[in-house]
Amino acid sequence: MCVLIPCIKPKPVPQPFNLIFPPEIAFNPERLNEELRALANAPDDAEVRLLRRSIDARSRQIKVNINAEVYSGEQAPPLSPFTETTWPDVSTKPKAVIIGAGPAGLFAALRLIELGMKPIVLERGKKVRNRRRDIAAINKDEIVNPDSNYCFGEGGAGTYSDGKLYTRSNKRGDIRRILEIMVAHGAHPDILADAHPHIGTNKLPPLITALRETIERAGGEVHFDCKVTDFVISENRLRGAVTADGREFTGRGVILATGHSARDIFDLLHSKGILLEAKPFAMGLRAEHPQSLIDQSQYHMEDRGPWLPAASYALAEQVSFRGLEKGVFSFCMCPGGFMVPAATTAGEVVVNGMSPSRRDSKFANSGIVVSVDEEDWKAYKELGPMAGLELQKQLERAACNIAGNSQHAPAQRLADFVEGKLSDTLPETSYQPGLKSVEMQQVLPPFIHRRLQTAFRRFGEKIRGYYTNEAVLVGVESRTSSPIRIPREKETLQHPHLKGFFPCGEGAGYAGGIMSAAVDGERCAEALFNQA
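Being a predicted model, the structure only gives us computed values, none of them experimental. (Residues numbered from 1 in each chain as written. Predicted model: local features only at pLDDT ≥ 70, side-chain atom pairs only at ≥ 80, totals over all residues. Heavy atoms only, no water.)

1. A look at the nonpolar core
Cut-off, in case you're wondering: Residues belong to a common nonpolar core when they are buried Ala, Val, Leu, Ile, Met, Phe, Trp, Tyr or Cys residues joined through side-chain atoms within 4.5 Å. Relative accessibility thresholds used throughout: buried, under 20% of the residue-type maximum; exposed, over 50%; partly exposed, between the two (1.4 Å probe, protein chains only). Helix and strand definitions follow DSSP, with helices as H or I runs of at least four residues and strands as E runs of at least two, each counted in order from the N terminus.
Counting 59 residues, the largest nonpolar core has Phe-107, Leu-112, Leu-165, Met-182, Ile-191, Ile-199 and Ile-255 as its most contacted members. Among the secondary structure elements, those contributing two or more residues to this core are β4 (95-99), α3 (103-115), α4 (128-141), α5 (175-184), α6 (204-217) and α13 (514-531). Ranked by residue count, the leading element in this core is α13, at nine residues. If you look at the next biggest cluster of nonpolar residues, it comprises 54 residues, including Tyr-299, Phe-417, Met-440 and Leu-452.

2. Re the pattern of salt bridges
Operational definition: The term salt bridge refers to a pairing of a side-chain nitrogen on Lys or Arg with a carboxyl oxygen on Asp or Glu at a separation within 4 Å.
Taken as a whole and judged by the stated rule, the model has 36 salt bridges. Notably, a salt bridge pairs Glu-526 with Arg-111, separated by 2.8 Å at the nearest N-O pair. Placement of Glu-526 in helix α13 and of Arg-111 in helix α3 is noted, with a sequence separation of 415 residues between them. Looking at Glu-526, the relative accessible area reads 28%, which means it is partly exposed. On the basis of relative accessible area, Arg-111 is assigned to the buried category, the value being 17%. Residues Glu-396 and Arg-263 are paired through a salt bridge, measuring 2.9 Å at the closest nitrogen-oxygen approach. Of the two residues, Glu-396 is situated in helix α9 (residues 387-402) and Arg-263 in helix α7 (residues 263-271); the sequence distance between them amounts to 133 residues. Like Glu-396, the residue Arg-263 is buried in the burial classification.

3. Section: the side chain of Arg-359
Test applied: The contact criterion used throughout is that any non-hydrogen atoms of two residues lie within 4.5 Å.
Tracing the chain through its elements places Arg-359 in the loop between β16 (351-354) and β17 (363-372). For Arg-359, a relative accessible area of 13% gives the class buried. If near-sequence neighbours (up to four positions away) are discounted, Arg-359 is found in contact with Asp-162, Lys-164, His-198, Arg-304, Ala-310, Pro-335 and Gly-336.

4. A few points about the side chain of Ser-355
For the record, the criterion: Counted as a polar contact is a pair of N or O atoms within 3.5 Å, where, for protein atoms, one must be capable of donating a hydrogen and the other of accepting one, and residues adjacent in sequence contribute only when both atoms are in side chains.
Position of Ser-355 relative to the elements: it lies in the loop between β16 and β17. Looking at Ser-355, its side chain comes within polar contact range of the main-chain oxygen of Pro-335, at 3.0 Å.

5. Here we look at the pairing of strand β12 (residues 281-290)
Walk down a regular strand and you will see the side chains alternate between the two sheet faces. Going by this rule: When DSSP finds two or more bridges between a pair of strands, those strands are recorded as paired.
Most of β12 is tucked away, with ten of its ten residues classed as buried. With ten bridges joining them, β12 and β17 adopt antiparallel strand pairing. Among the inter-strand pairings, Phe-281 is bridged to a residue of β17, identified as Val-372. As defined by bridge partners, β12 adjoins strand β20 (residues 472-477) across four bridges and the pair is classed as antiparallel. Its bridge partner being in β20, Gly-284 is matched across the sheet by Glu-477.

6. Quick notes on the packing of aromatic side chains
Heads up, the rule is: Only Phe, Tyr and Trp rings take part, Trp by its six-membered ring, and two of them pair if their centres are within 6.5 Å. Stacked means planes under 30 degrees apart, edge-to-face means over 60, and tilted covers everything else. A positively charged side chain is recorded as over a ring if its NZ (Lys) or CZ (Arg) lies within 6 Å of the ring centre. The angle to the ring normal must also be within 35 degrees.
Considering all chains together, one arrives at eight aromatic pairs under this definition. On the basis of an interplanar angle of 90° and a centroid distance of 6.2 Å, the ring pair of Phe-456 and Phe-459 is categorised as edge-to-face. On the criterion of helical spacing, the pair formed by Phe-456 and Phe-459 is a turn pair, its members being three residues apart in helix α11 (residues 446-462). The class of Phe-456 is buried, set by a relative accessible area of 0%. One aromatic cluster in this structure is built from Tyr-313, Phe-417, Phe-456, Phe-459 and Tyr-466. In this structure, Arg-124 packs its charged tip against the face of Phe-152, placed 4.3 Å from the ring centre.

7. Digging into unusual backbone geometry
For the bond running from Gly-475 to Val-476, omega is -5°, close enough to zero to count as cis. Mapping Val-476 onto the fold places it in strand β20. Here the phi dihedral of Glu-142 falls at roughly 60°; this positive angle occurs in a residue that is not glycine. Of note, Glu-142 is situated in the loop between α4 and α5. Judged by its relative accessible area of 24%, Glu-142 falls in the partly exposed class.

8. Quick word on the sheet that holds strand β5 (residues 118-122)
By way of backbone hydrogen bonds, the strands of a sheet pair with one another, either parallel or antiparallel. We apply this condition: The angle between two axes is taken between their N-to-C directions and runs from 0 to 180 degrees, where each axis is a line fitted to C-alpha atoms and a helix contributes only its stretch in contact.
If you walk across this open sheet you meet the five strands as β6-β5-β4-β10-β22, and the pairing is parallel. Among the strands making up the open sheet, the edge pair consists of β6 (221-223) and β22 (501-503). Strand-to-strand twist of the sheet, defined as the mean angle between neighbouring strand axes without regard to direction, takes the value 15°. Across five bridges, the pairing between β4 and β5 is parallel.

9. Digging into helix α2 (residues 29-40)
The criterion, for reference: Working rule for helices: expected span equals 1.5 Å times residues minus one.
Taking 1.5 Å of rise per residue, twelve residues should cover 16 Å, and α2 covers 16 Å from first to last C-alpha, within 8% of that figure. Structurally, α2 contributes buried residues whose contacts are with β1 (15-21), α1 (23-26), β2 (47-56) and β3 (63-71). Immediately beyond the C-terminal end of α2, within one or two residues, lies Asn-41, with a positive phi of roughly 55°.

10. Looking at the sheet that holds β3
One open sheet holds the three strands; their spatial order is β1-β3-β2, and the pairing between them is antiparallel. Strands at the two margins of the open sheet, each flanked by one partner only, are β1 and β2. Here the strands of the sheet are splayed against their neighbours by 15° on average, with no regard to which way each runs. In terms of strand pairing, β2 meets β3 through nine bridges, oriented antiparallel. Of the residues in β3, the one forming a bridge with Glu-47 is Tyr-71. Relative to the sheet, α2 contacts β1, β2 and β3, its axis offset from that of β1 by approximately 130°.

Structure (C-alpha cells):
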C-alpha cells in the first residue's frame, strides 16, 4: 500500500546577530548589510532583516545596538503578514458608523472589516490631497477653515504631525500589529525595528490614503465634507448620525473618534444630556531651539555628522506654586521639525509641532506644558464638564488678541521669559505666519506662567545650553489632550447611559497619539462587534 506523505516546507532559519556598530554603519543600510552578510558568511543577495535598532548616547563614543537576522539561501517571510492579507468583502454585511477618519477611526474601520462588518466613516474634513490647500491658507494667508485644518480632515491631526509611533500603552493592544498594517500600506519597514519609530509628516499622507483605499475596496464607505450635527437615538441606543446636509447614516452602533478638538461634538453631547466629565490635561508654550544646540548637548559632540538622527529630549519637573506641586514636562518633541498654527476656528491661536521624515530642519521644538486640573478651572465650575474646555478657549483667545487677531503667535525669548523682560527682537523661527514679541505673563495665568519660569531654570541644569535667549517660546500649546472625557464601561467600552455608543481615541480621553489612538480604535471595533 502506497501512502502519500505531504511535503511540508520547513520555515527558514535565519542567523541571528546582536551587535554594536558606530552610527556611520548602523544608519547606512548598504554598509550595515555588507557587514552582517560578511559575519554570516552569506552571499551578496542574502536578505538582511533588521529587528531592533537603538542609540546608546551615554558616552562620547556613541554606539548603536543592532539586532538583526540574515537569511542565507532561504526566502525570508514577509516583513508584514498584512502584505498578503485579502480583506473580506463587507459591502453587504451589517453596518457600523464611525465618526472621524483619524487613526482611531481608520483602524476601527479596518478591524470591523476583518470581523465581517461594514464600516461607514463620516469625516467633517477633506481628503488629504484637498486638505493641503487649507493647510497652505492658514500658513500663508492666516485663514482658518473650521472644517479643514491641521486637526480636521483625512487622517485627523496625525496626518500633519511628527508621526511618532511609540506609546506607553503597550498593555492596551497589539502595537506590533498596528505597525505591520502600516508597513503593508507603504510605511518604511524601519518602523518595525527602531526603538522610537516615526514616519514624518511628508510620508503620512500617502499612508493614510492607502489605508482609506483598503477600506473602500473591501466595501466600506468613507464620506468626506460630512460634518455630524445630530445623533440618531431610539430606545436609549445610539444608532447613527445626521450630517449637515441632512443625510442620515445608521448601523448597529456608533464609534465616536473625532479627536480632541471637535468642540462642537462635545457641545452636541452636552446639549442632549449625555454624560461627560471634565478631564485633567496640560497647557503651556512651545520652545524652539537651534537643532545644533540640542545635538551638541545630547550627543556630546560639536557636529552629529551625516548619519546620526537629529537628537531629541524629554524633560519633566514637579514645580510648586502657592503650595501646590504640579508636573511641568516636554510634550510632542519634534527634532529637526517646525512649528505650525493648529487653530480650528478664527479668533484663536494654537501652536503645534511636526517633523518631516528626515528631521532635517535646523530647528528643534517641543511643547513645554503644565498639568491643569479642577483647581485651575474652578472659575468656570458652573459650566460643569465644560469648565476645562472654557479655560482652554480663554487662553487661545488671549493669545490671538495680543498677537494682533491673526495667526501670528505671541512669543518671547526663553531667558527673557524667565527673567520677566520683553524681548527687543526675536530669533529666526520655523513658524510660518510669524511671531509678535510680547510678555507672556499677559497671556498665561500665573499658575502656568510661574511654574514654567521655574521649570526652564531647572531644565537648563539638565541640558547644557537649553537655558538661552537663542531659544524662543511661542504660545499657546493648549491641545495636548482632550479637556473632556466621555465615560465608558470598562468591559463593554460602551457609554454607561447610552447603548451602542463607543467613545474612542483622543477626543474621548482614551488615547494620546497615533499608536494609542489606533489601538483604541481596534478595541472599540471589537467591542461593538461583540455587542452588535
